[in-house]
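Tertiary structure, described
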Amino acid sequence: MDLNVLVLPGDGIGEEVIGEAVRVLERVAQKFGHSLHLRAGLVGGAAIHRTGTPLPGETVELALRADATLMGAVGLPEFDHAPPSQRPEAGLLGIRKALGVFANLRPVRAWPWLLDSSPLKNHVVDGTDLVIVRELTGGIYYGTPRGISGQGAETRAVNTMVYTRGEVERVTRVAFELARGRRKKVTSVDKSNVLENSQLWRQVVTEVAAEYPDVELEHLLVDNCAMQLILNPRRFDVLLTENMFGDILSDEGAVLAGSIGMLPSASIGERRPSGAWTGLYEPVHGSAPDLAGQDRANPLGAILSVAAMLEYSFGLKEEAAAVNRAVEAVLASGRVTADLKPPAPPATTSQVGQAVCEAI
Ligand code: IPM
Ligand code: MG
């Protein structure tokens, strides 16, 4: 199979972790006889430095032409005071929108070898296996009007949380389809006791759920969900929520997995005629500028994102399983990066990448 992949390392540790993820992709292509065609592009702070904008038009064109895009992370402290549209993050939000990847899948597993890496008690996290389905191209991140106006005590800042019925329907279907292949339970998370936006969300989710009588639906308010996630994470199978709630809850989920460095994500849009998904794959973690360039970052979130790419964009289930098994073998070996608190001296980013390649 021809695998046309665009690689966007971005900022900070993005470059290092994506370097290892690409090595793993190359190893898979070699072992299973696929032809890998890689292109590279600029996004985020790296793109601002080179082109003056966080998302150059060329990057969008390359992404639209590729079968899948593998992204690192964006964000640099030097842009902390820039307006949102001129920050590295605008590059990420822009490419998600341009690709139309409205459903962001963030699996969270308590890996048996990492139970002690979580600050929570083993009996709480053990057995956790959930997927957050985060709506990714709507809600308060994109709503208008937005902006800051006025002066002095009258300065006002406005953001708008907006969803249409169609936007809620399509992401709900992704969550229910996913649940059918899992434990058949969807928890929809909103703030419908306060927000009209959430009332529409809850109503539409309930209506779509009627098409899936074999899947159980429960509704949870987001504040309660934040608590349930660390009190009783095993109660969750598929957790469906809007953009900002999903952003926040997925970082909380990282505590269950042992480290945010372990979390992959797959952002998918419409199915292509071939049945494959348009996809953007990125670890959940950020650019961690304080760790950058030191060969210390955990590359497993990026590597697991490659597994998700093989599965969703290319339908290569066996190849995806080979990557997942290799990651498990590396976790079992204990040769992992410092964030996972290994008993022995921690491994480097490149040693972990190398070990995954060898295990494939
Ligand atoms: C994430 C990140 C991004 C988001 C930032 C970097 C814009 O936090 O992917 O979770 O909020 O979506
Ligand atoms: Mg986030």
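For the structure itself, consult the block above.
Residues numbered from 1 in each chain as written. Chains lettered and ligands numbered in written order. Predicted model: local features only at pLDDT ≥ 70, side-chain atom pairs only at ≥ 80, totals over all residues. Heavy atoms only, no water.

Residue Pro145 is reached from Thr144 by a cis peptide bond, and omega for that bond is 0 degrees. With respect to the helices and strands, Pro145 occurs in strand S6 (residues 143-149). If you check the backbone angles, Ala288 has positive phi at about 35 degrees while not being a glycine. Take Ala288: it is sitting in the loop between strand S12 (277-281) and helix H10 (300-312). (Helix = DSSP H or I, 4+ residues; strand = E, 2+ residues; numbered from the N terminus.)

Time to look at the environment of Thr337. Mapped onto the fold, Thr337 is located in the loop between helix H11 (317-333) and helix H12 (349-359). Take Thr337: its relative accessible area is 0%, and that puts it in the buried class. For the pair Thr337 and Val186, spaced 151 residues apart in sequence, the C-alpha to C-alpha distance is 33 Å. Within the local environment of Thr337, its side chain forms a polar contact with the side chain of Asp339, the two groups lying 2.6 Å apart. (Buried < 20%, exposed > 50% of the residue type's maximum accessible area, 1.4 Å probe, protein only. Polar contact = N/O pair within 3.5 Å; in protein donor to acceptor, adjacent residues only side chain to side chain.)

Our focus in this paragraph is the pairing of strand S10 (residues 238-241). Burial along S10 is two-sided: the face carrying Val238 and Leu240 and the face carrying Leu239 and Thr241 are both buried. One ladder, built from four bridges, connects strand S5 (residues 129-135) with S10; its direction is parallel. Looking across to S10, one finds that Val131 is bridged to Val238. The pairing of strand S8 (residues 185-190) with S10 spans four bridges and is parallel. Of the residues in S10, the one forming a bridge with Val189 is Thr241. (Pairing = 2+ DSSP bridges.)

Let's shift gears to helix H9 (residues 243-257). End to end, H9 covers 21 Å across 15 residues, agreeing with the expected 21 Å (1.5 Å per residue, within 8%). Between the side-chain oxygen of the N-cap and the backbone nitrogen of Met244 there are 3.0 Å, and the N-cap of H9 in question is Glu242. Downstream of H9 by one or two residues, Gly258 has phi in the positive range, about 105 degrees. (Expected span 1.5 Å × (residues − 1).)

Quick look at the packing of aromatic side chains now. Scanning the model with the defined rule gives two aromatic pairs in all. A ring pair is formed by Tyr163 and Trp201, whose centres lie 5.4 Å apart and whose planes are at 65 degrees; its orientation type is edge-to-face. Taken together, the positions of Tyr163 in the loop between strand S7 (156-160) and helix H6 (165-180) and Trp201 in helix H7 (residues 196-209) put the pair 38 residues apart, joining distant regions of the chain. Both residues of the pair, Tyr163 and Trp201, belong to the buried class. Looking at Lys97, its charged tip hangs above the ring of Tyr142, at a distance of 4.7 Å from the centre. When the ring centre of Trp111 is taken as origin, the NZ or CZ atom of Arg109, which lies over that ring, is 4.2 Å away. (Phe/Tyr/Trp six-rings, centres within 6.5 Å; stacked < 30°, edge-to-face > 60°. Lys NZ or Arg CZ within 6 Å of the ring centre and 35° of its normal.)

This brings us to the nonpolar core. In this structure, Leu70, Leu105, Val133, Met262, Leu331 and Val356 are the most contacted members of the largest nonpolar core, which totals 89 residues. By residue number, the principal contributor to this core is H10, which donates nine residues. The residues touching Leu70, leaving out its near neighbours within four places in the chain, are Val5, Leu6, Val7, Leu8, Ile18, Ala21, Val22, Tyr281, Val306 and Met309. Core analysis: the second largest hydrophobic core is formed by 15 residues, Val43, Leu55, Leu99 and Val101 among them. (Core = buried A, V, L, I, M, F, W, Y, C linked by side-chain atoms within 4.5 Å. Contact = heavy atoms within 4.5 Å.)

Overall, mixed pairing links the ten strands, which are arranged S2-S1-S3-S12-S11-S4-S5-S10-S8-S9 in an open sheet. Sheet topology places strand S2 (35-40) and strand S9 (216-221) at the edges, where each strand pairs with a single neighbour. Taking the axes of each pair of neighbouring strands and ignoring which way they run, one obtains an average angle of 25 degrees across the sheet. Summarising the sheet, strand S3 (residues 68-73) and S12 pair through three bridges and their orientation is parallel. Directly across from Ala68, in S12, lies its bridge partner Gly279. Against the sheet, helix H3 (residues 57-65) engages strand S1 (2-10), S2 and S3, with an angle of about 150 degrees to S1. Across the sheet, helix H4 (residues 88-99) is in contact with S1, S3, strand S4 (103-109), S5 and S12; its angle to S12 comes to roughly 170 degrees. (Axes fitted to C-alpha atoms, helices over the stretch in contact; angles between N-to-C directions.)

Moving on, we get to the side chain of Ser305. Mapped onto the secondary structure, Ser305 falls in helix H10. We classify Ser305 as buried; its relative accessible area is 0%. Aside from chain neighbours lying at most four places away, what touches Ser305 is Pro264, Ser265, Tyr281, Glu282 and Pro283.

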